[in-house]
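Listed here are the chains, written in short residue letters.
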Amino acid sequence: MQKLNVIHFEEIDSTSSYLKREVDNLSNLTIAETDYQSAGKGRENRKWYSPKGENAMFSILIKDIDIINRFPLLSLLSCLVVRDYIESLGVDNVEVKWPNDVYINGHKVCGILLEGRIPDYVIIGIGINLNQKEFNDEYRIVPTSVSNELGRNIEKQAFLEGLWNNMLNSIISFKSNQYDVINEFNKYNYLEGREVNFVIDGKTLSGRAIRVNENGYLIVESEGSQYEIMSGEINY
Ligand code: BTN
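The following refers to the structure shown. Predicted, not measured: the structure shown is a model, and the values here were computed from it.

Below, the discussion takes up the side chain of Lys 156. Along the polypeptide, Lys 156 turns up in helix H5 (residues 156–175). At a separation of 3.1 Å, a polar atom in the side chain of Lys 156 contacts the side chain of Asp 35. Setting aside residues up to four positions removed in sequence, Lys 156 forms contacts with Glu 33, Thr 34, Asp 35, Gly 53, Asn 55, Ala 56 and Leu 130.

For the rest of this paragraph, the subject is unusual backbone geometry. The omega torsion across Trp 98 and Pro 99 is 0°, close enough to zero to call that bond cis. Among the structural elements, Pro 99 can be located in the loop between strand E4 (94–97) and strand E5 (101–104). For the peptide bond that leads from Ile 118 to Pro 119, omega is 10°, which places it in the cis range. The phi torsion at Asn 177 lies on the positive side, around 60°, for a residue other than glycine. Mapped onto the elements of the fold, Asn 177 is located in the loop between H5 and helix H6 (181–187). On the basis of relative accessibility, which here comes to 60%, the residue Asn 177 falls in the exposed class.

Attention now moves to the site of the ligand. Taken together, 20 residues form the shell around the ligand, and within it Ser 14, Gln 37, Lys 41, Arg 43 and Lys 108 come nearest. Between the ligand and the protein, one listed contact pairs a nitrogen atom with a side-chain N or O atom of Gln 37 at 2.9 Å. Backbone polar atom of Lys 41 to an oxygen atom of the ligand: 2.7 Å apart, as the coordinates give it. The fraction of the free accessible surface of the ligand (420 Å²) that becomes covered by protein chains is 99%. Element by element, the count of residues in the shell around the ligand is highest for strand E6 (residues 107–117), at 4 residues.

Basis of the calculations
Residues numbered from 1 in each chain as written. Predicted model: local features only at pLDDT ≥ 70, side-chain atom pairs only at ≥ 80, totals over all residues. Heavy atoms only, no water. Helix = DSSP H or I, 4+ residues; strand = E, 2+ residues; numbered from the N terminus. Polar contact = N/O pair within 3.5 Å; in protein donor to acceptor, adjacent residues only side chain to side chain. Contact = heavy atoms within 4.5 Å. Buried < 20%, exposed > 50% of the residue type's maximum accessible area, 1.4 Å probe, protein only. Near = heavy atom within 4 Å. Areas by Shrake-Rupley, 256 points an atom, 1.4 Å probe, with all protein chains shown as cover.

The following block contains the structure:
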């Protein structure tokens, strides 16, 4: 497996859109990283806005078929790598929120967006609140940042390089089936035991999240039955 190849932009529309446009000219494990996105994308067609220079925003291009074939687990893996890394900086109570977020003490610190064209490529887009201090009040639950949790500013370049190194090592062990993604995810599963709403056959039900199963689906118990939820079918 080759090394990471990093392209830095002072400003771009979206690091994930850039990789998508250039996919035919870029190699596996290319990272696009930026200080500012003018059209940052979140999940479910939401926007991802981040003030210039304060936070970490990057996307990783995956063109390795062994990894693409297991892309539902890839999003869980990405959450875990970010979780472990933030914890290693001295932050407590860092959890993964199925399917694609990282939370600290119940507040979102990182969102992940997976896009791609299977079986050709997958793009993992990662946004981490790093040095942002204030968040506007449009959120139901106010997000947090690594610096708000640690009470100090974080040097972005060193943060990114450490994280990318861990990401590369984790992708290598994932490829050779040595990363127990599901077990690890369930250890830090924010939703475990919480009430969630989900949609089955057009009907909204509510139930208690139990765990993530071997396929990466969330198991929810509702009125004595268990349901396997795929990402996109759940509201919190
Ligand atoms: C979410 O929580 O809805 C996912 C947010 C993903 C944001 C990142 S920032 C880098 C990459 N480029 C984008 O346009 N989006 C992702």
